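Descriptive structure summary
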Amino acid sequence: VDAFQAWCGPCKTVVDLFRKIRNEVGSDLLHFAVAEVDAIDALEKYRGKCEPVFLFYTGGELVAAVRGANAPLLQKTILEQL
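Residues numbered from 1 in each chain as written. Predicted model: local features only at pLDDT ≥ 70, side-chain atom pairs only at ≥ 80, totals over all residues. Heavy atoms only, no water.

**Overview of the overall build of the chain**
Our working rule: For the purposes of this entry, the term helix denotes a DSSP run of H or I that reaches at least four residues, the term strand denotes a run of E that reaches at least two, and both are numbered from the N terminus. Put simply, the radius of gyration uses C-alpha atoms, and a globule should come to 2.2 Å times the residue count raised to 0.38. Relative accessible area decides the class of each residue, using a 1.4 Å probe on protein chains only: under 20% of the type maximum gives buried, over 50% gives exposed, and in between gives partly exposed. By definition, residues are in contact when any of their heavy atoms lie within 4.5 Å. The Shrake-Rupley method, run with a 1.4 Å probe sphere, supplies the accessible areas, and residue values consider only the shown protein chains as cover.
Each helix and strand counted, the chain has two helices and four strands in total. Counting from the amino terminus, helix and strand elements in the chain follow one another as β-α-β-β-β-α. Rg of the C-alpha trace for the chain: 12 Å, near the compact-globule value of 12 Å for 82 residues, within the 12% margin. C-alpha extents for the chain along the principal axes are approximately 35 × 25 × 20 Å. Per-residue burial over the chain gives 30% buried out of 82 residues. Within the chain, counting contacts between residues at least 6 apart in sequence, those at least 24 apart form 51% of the total. Approximately 5,200 Å² of the chain is accessible, and the part contributed by carbon and sulfur atoms is 52%.

Spelled out as structure tokens, the structure:
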């Protein structure tokens, strides 16, 4: 989940990375979503920051988080979580 604030916008710089990985591993294993933190009370702790936060969930549980648009770290985290 790309957690963002409306005034900062979702992180578009990593969309290609997610598409590439999703094409490689298949759409059954990896799902990508964006969430505006101002509109979701459960994401309140991510408000007030300009950097994107990528949240990784498995079975409805938060299992990892990456702060910032660090493509190598995002790719590593995605592959580790899969």
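**Describing the layout of surface pockets**
Test applied: The distinction between a cavity and a pocket rests on a 1 Å grid over the protein atoms alone: a 1.4 Å probe fits inside a cavity but cannot get out, while a pocket stays open yet meets protein on both sides within 12 Å along at least five of seven lines, and a residue with an atom within 4 Å of a point counts as lining. Grid points are joined across faces, edges and corners, and a volume is the space filled by probe spheres set on the points. Classification convention: Asp, Glu, Lys, Arg as charged; Ala, Val, Leu, Ile, Met, Phe, Trp, Tyr, Cys, Pro as nonpolar; all other residues, Gly among them, as polar.
Of the voids in this model, the largest pocket is the one considered here, and its volume is about 280 Å³. If you trace the largest pocket, you find 15 residues lining it, with Leu29, Leu30, His31, Phe56 and Tyr57 closest to the centre. Breaking the lining of the largest pocket down by element, the ones donating at least two residues are strand E3 (53–58) and helix H2 (71–81). When residues of the lining of the largest pocket are assigned to their parent elements, the largest contribution, five residues, is made by E3. Each residue belonging to the lining of the largest pocket can be placed in one class, and the counts come to 12 nonpolar, three polar and no charged.

**A short note on H2**
To keep things clear, this is the line we draw: To be clear, the arc concerns the directions from the helix axis to the C-beta atoms.
Every buried residue of H2 is accounted for by Leu74, Thr77 and Ile78. The buried residues of H2 occupy an angular sector of 100° when the element is viewed end-on, so they sit on one face. Relative to its buried face, H2 has exposed residues pointing more than 90 degrees away, namely Pro72 and Glu80. On its buried side, H2 packs onto helix H1 (15–25), E3 and strand E4 (61–67).

**A look at the sheet that holds strand E1 (residues 2–4)**
Selection criterion: A pair of strands is labelled paired if DSSP reports no fewer than 2 bridges between them. Fitting a line to C-alpha atoms yields each axis, with helices limited to the stretch in contact; the angle taken between N-to-C directions then spans 0 to 180 degrees.
If you walk across this open sheet you meet the four strands as E2-E1-E3-E4, and the pairing is mixed. Edge strands, defined here as strands with exactly one partner in the open sheet, are strand E2 (34–36) and E4. Strand-to-strand twist across the sheet, computed as the mean angle between neighbouring axes with direction ignored, equals 30°. Note that E1 and E3 share two bridges and pair antiparallel. Looking across to E3, one finds that Ala3 is bridged to Val53. Contacts from H2 reach E3 and E4, with the element oriented near 165° to E4.

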